[in-house]
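Now for the letters of each chain:
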Amino acid sequence: LAANIIYLDRNESNYGPAPKCFEVIKHIDLTILCQYSRDFKKQIKGELSKRLAADYGLNEDQIILGYGSEDLLKQIVHCYLNKGEILFIPRYSWWYYKALAAEVEGTSIEFPLYADDNSYYYDVESLLNMYHARKPKLVLISSPNNPTGNSIEVDELKNIIKHMKDSIIILDEAYAMFKNPDYSYVSDLIKEYDNLIILRTFSKYFALAGIRIGFALIGRELKIFEKFSSRYLGYNRLTELIALAALDSPEYYSRITQKINSDKLMFIEEFNKLSGFKPYKSDANFILVEMNKELIPELKEYLAERGLIIKFMNEEELNSHMRITIGTQEENKKLMDAIKKFMLVTA
Ligand SMILES: Cc1ncc(COP(=O)(O)O)c(C=O)c1O
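Quick summary incoming for the structure in this document. The numbering scheme is per chain: residues are counted from 1 as the chain's sequence reads. Restriction of local features to residues with pLDDT of at least 70 applies here, the model being predicted, together with a cutoff of 80 or more for giving and counting side-chain atom pairs; totals for whole chains, interfaces and linings are based on all residues. Here the side-chain values reflect all heavy atoms present in the structure, with hydrogen atoms and water set aside.

1. Details of the packing of aromatic side chains
The criterion for an aromatic pair is that two Phe, Tyr or Trp rings (for Trp, the six-membered ring) have centres within 6.5 Å, with stacked assigned to planes under 30 degrees apart, edge-to-face to planes over 60 apart and tilted to the rest. Going through the model one piece at a time under the given rule, you end up with 24 aromatic pairs. A ring pair is formed by phenylalanine 271 and phenylalanine 277, whose centres lie 5.3 Å apart and whose planes are at 40°; its orientation type is tilted. As far as the burial class goes, phenylalanine 271 and phenylalanine 277 line up, both buried. By way of ring pairs, the aromatic residues Tyr56, Phe178, Tyr183, Phe202, Tyr205, Phe206, Phe215, Tyr252 and Tyr253 are connected into one cluster. The ring of tyrosine 302 carries arginine 306 above its face, with NZ or CZ at 3.6 Å from the centroid. Between arginine 323 and the ring centre of phenylalanine 286, over which it is positioned, the NZ or CZ distance is 5.9 Å. Three labels apply to residues, based on accessible area from a 1.4 Å probe with only protein chains included: buried if under 20% of the type maximum, exposed if over 50%, partly exposed otherwise in between. Charge-over-ring contacts are defined here by two conditions on Lys NZ or Arg CZ: a distance within 6 Å of the ring centre and an angle within 35 degrees of the ring normal.

2. Observations concerning the pairing of strand β13 (residues 308-312)
Only DSSP runs of H or I covering at least 4 residues are called helices, and only runs of E covering at least 2 are called strands; the numbering of each starts at the N terminus. Every second residue of β13 is oriented toward a common face, the buried set being Leu308, Ile310 and Phe312 and the non-buried set Ile309 and Lys311. A pair of strands is considered paired only if DSSP assigns at least 2 bridges between the two. Pairing geometry for strand β1 (residues 6-8) and β13, over three bridges, is parallel. Its bridge partner being in β13, isoleucine 6 is matched across the sheet by leucine 308.

3. A word on the sheet that holds strand β14 (residues 321-325)
Pairing within the open sheet is mixed, and its five strands lie in the order β1-β13-β14-β12-β11. On the outer flanks of this sheet lie β1 and β11 (277-279), each paired with one strand and no other. Averaged over all pairs of adjacent strands, the angle between their axes in this sheet comes to 30°, without regard to strand direction. Bridge count between strand β12 (residues 286-291) and β14: five bridges; the pairing is antiparallel. Only the stretch in contact is used when fitting a helix axis, every axis being a line fitted to C-alpha atoms; angles between N-to-C directions are given from 0 to 180 degrees.

4. Here's the deal with the side chain of serine 282
Position of serine 282 relative to the elements: it lies in the loop between β11 and β12. Under the relative-accessibility criterion, serine 282 is labelled buried at 8%. Here a polar contact is recorded for every N or O atom pair within 3.5 Å, except that within protein the pair must consist of a potential hydrogen donor and a potential acceptor, and residues adjacent in sequence are included only if both atoms are side-chain atoms. At a separation of 2.5 Å, a polar atom in the side chain of serine 282 contacts the main-chain carbonyl oxygen of phenylalanine 286. For serine 282, the contacting residues outside a window of four places in its chain are Gly149, Lys264 and Ile287. Working rule for contacts: check all heavy atoms of both residues, and any pair within 4.5 Å makes them a contact.

5. Looking at the sheet that holds strand β3 (residues 86-90)
An order of β2-β10-β9-β8-β7-β3-β4 is seen for the seven strands of this open sheet, with the pairing classed as mixed. Looking at the sheet topology across the chains shown, the edges are occupied by β2 (63-66) and β4 (107-111). Neighbour-to-neighbour, the strand axes of this sheet turn through a mean angle of 20°, independent of strand direction. In this sheet, strand β9 (residues 196-201) lies alongside strand β8 (residues 168-172) in parallel orientation, the contact comprising four bridges. Counted as the bridge partner of isoleucine 169 is leucine 196 from β9. Against the sheet, helix α3 (residues 47-56) engages β2, β9 and β10 (214-218), with an angle of about 135° to β2.

6. Some remarks on the packing of α3 against helix α11 (residues 237-247)
Relative to each other, α3 and α11 sit at 25°, their axes nearing to 9 Å. By the angle class used here, α3 and α11 are roughly parallel. Facing α3, whose interface residues are Glu47, Leu48, Arg51, Leu52 and Asp55, α11 presents Glu240, Ala243, Leu244 and Leu247. Under the convention adopted here, Pro, Cys and the residues Ala, Val, Leu, Ile, Met, Phe, Trp and Tyr are nonpolar, Asp, Glu, Lys and Arg are charged, and Gly plus all remaining residues are polar. Split by residue class, the contact of α3 with α11 holds five nonpolar, no polar and four charged. Orientation labels follow simple angle bins: below 35 degrees gives roughly parallel, above 145 gives roughly antiparallel, 65 to 115 gives roughly perpendicular, and whatever is left gives oblique.

So this is what it looks like as structure tokens:
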């Protein structure tokens, strides 16, 4: 393997966090490290949940902090899903959803997504039909969805949720800021639907996957989850400060997102020029590309030898696809050049 490995396989952001985040670390007050926060005395979970509540126009008790959205998802499933109960998930989605249902001996049932030549879509009609037939306890919708990259429009979402009053709806928005940094619709949704949980994270858009921080915005009916997730001794104070610094750096993130989005278009154009590849439209910081399945083992090895790691999908019905995380401009160019060269030598 090459010494300098470029990871484009886990949808991280290789530009790294905003400079203000590094300033926090450089000037850390040591009491932050040796003492609990005592924020509970102010009847808040922490300074970060207070800030997020203000930004999102919600009450602080509707913001739940977690060790990444991974942890929040796990807590939600463990809190609400009992043995034998049903969790609905998109047919192609993050493998972890299924694993979580299995952890509590619940049943995950996949609802369909469909694709045309350029994009995947949610199939609202099929989802609603299945919903009425199977009556799941939890419904998980991911937007933009990993690995397909498609998202659901707010109107479609409302149309879905209004038919699902007897269930808890989880909207995983880990990648939503790449599509739309304006999140004003989020508080409208949370205020309108008491059974809705929206999950967001600092891992992707804010390039802070390593500090493990995510948050849930919860509807008013979900008080049980608030209690389930409460942490008497507070949260990671350093992590909270770094996340606050990221929220104070909108220009930086908007700048790197422009680069990510323009490179996403570059990949789509380049793959469309090569024969045998079909890239799908994506609203996230990755793209899914269908290719000749026979070439996958060789391409994987060819890229790994050059220190380039991307994700080759290996799931039933999704096994002739690669998912490429959009890295820095330099990394993206290296990857695209390598794939073009590979095609020249194997053709
Ligand atoms: C759809 C989706 N949700 C959530 C996560 C987890 O993010 P984190 O736990 O870092 O917040 C991921 C990570 O890849 C993801 O793809």
